[in-house]
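Below, each chain spelled out in residue letters.
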Amino acid sequence: HIEAHNKLGQACFRLFQFEKSQHAYEAGLEIAPDHSGLYHNLALSLMHMGRRTEALAMLAKAIDLSPDNVSSLSYYISTKSHLCDWTDIDSLSQKAVEMLIRQSVIVDPFTFQCLPSAPGNAEQFICATKFGASVKPNGQVRRRPASVAPAHENTQGRRIRVGYVSMDFRSH
């Protein structure tokens, strides 16, 4: 069951268990070596483990199998940029921008903004708008239930404590 391996990989990925997600995707690829989505997802796991060179190869394979996948292409360009491989960046970037305009797809705007042809222009806005609509399709802001809201204490006379939240402190 290819999709079972894919879903297991996605679940492990969301739990930040990148090695487990890698193994799930690789098990799926043993069954279906031409599944572009598994290559794409495997690449994302490899990137989060700091293995960008391997991720680039997986993204290249995903693009070979599914050349119209603008998400794989934008991650490919982003990964090339992280590796300081500027070969064909301009032409690949222009291709990704054209694909985004042409297709009704959702691409991570933070990956898309690294494209040389995208930042600060209408295409970046299109990308962000589509992504935002996918996160909140009804247009309403999701709120935490009141029972989960933190209790406020009387802090008068006490020092202020500040906390920082980031998804990638571990990378810095």
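Residues numbered from 1 in each chain as written. Predicted model: local features only at pLDDT ≥ 70, side-chain atom pairs only at ≥ 80, totals over all residues. Heavy atoms only, no water.

Peer 1: Explain the nonpolar core to me, and be specific about the residues and the numbers.
Peer 2: Side chains that are nonpolar tend, in soluble globular proteins, to be buried together. Among the nonpolar cores identified, the biggest contains 25 residues, and Met47, Leu59, Leu73, Tyr76 and Ile77 are the most heavily contacted of them. Those elements that place two or more of their residues in this core are helix 2 (18–31), helix 3 (36–48), helix 4 (52–65), helix 5 (70–82) and helix 6 (89–102). Broken down by element, the residue count for this core peaks at seven residues, all from helix 3. (Core = buried A, V, L, I, M, F, W, Y, C linked by side-chain atoms within 4.5 Å. Buried < 20%, exposed > 50% of the residue type's maximum accessible area, 1.4 Å probe, protein only. Helix = DSSP H or I, 4+ residues; strand = E, 2+ residues; numbered from the N terminus.)

Peer 1: How would you summarise helix 5 if you had to cite specific residues and measurements?
Peer 2: Every α-helix carries 3.6 residues per turn, so stepping three or four residues along brings you back to the same face. Over its 13 residues, helix 5 runs 18 Å from end to end, which matches the ideal 18 Å to within 8%, given 1.5 Å per residue. Burial of helix 5 is extensive: twelve of the 13 residues sit out of reach of the surface. What helix 5 keeps buried is the set Val70, Ser71, Ser72, Leu73, Ser74, Tyr75, Tyr76, Ile77, Ser78, Thr79, Lys80 and Ser81. Cys84, located one to two residues past helix 5, shows a positive phi value of around 55°. (Expected span 1.5 Å × (residues − 1).)

Peer 1: So what's going on with the side chain of Asn41? Which residues, and what values?
Peer 2: Mapping Asn41 onto the fold places it in helix 3. Within the structure, the side chain of Asn41 is placed 2.8 Å from the side chain of Asn6, a separation counted as a polar contact. (Polar contact = N/O pair within 3.5 Å; in protein donor to acceptor, adjacent residues only side chain to side chain.)

Peer 1: Which residues make up the packing of aromatic side chains, and what values go with them?
Peer 2: Overall, the coordinates contain two aromatic pairs when judged by the stated rule. Their ring planes at 90° and their centres at 6.0 Å tell us that Phe16 and Phe18 sit as a pair that is edge-to-face. Look at Phe16 and you get exposed, because its relative accessible area is 55%. Given the relative accessible area of 9%, Phe18 is considered buried. Grouping aromatic residues by their ring pairs yields a cluster made of Phe13, Phe16 and Phe18. (Phe/Tyr/Trp six-rings, centres within 6.5 Å; stacked < 30°, edge-to-face > 60°.)

Peer 1: Report on helix 4, specifying residues and quantitative values.
Peer 2: Taking 1.5 Å of rise per residue, the 14 residues of helix 4 would be expected to cover 20 Å, and the 20 Å separating its terminal C-alpha atoms lies within 8% of that figure. Within helix 4, burial applies to Ala55, Leu56, Leu59, Ala62 and Ile63. One side of helix 4 holds all its buried residues, which, seen down the axis, span an arc of 120°. More than 90 degrees from the buried face of helix 4, the exposed residues found are Thr53 and Asp64. (Arc of directions from axis to C-beta.)

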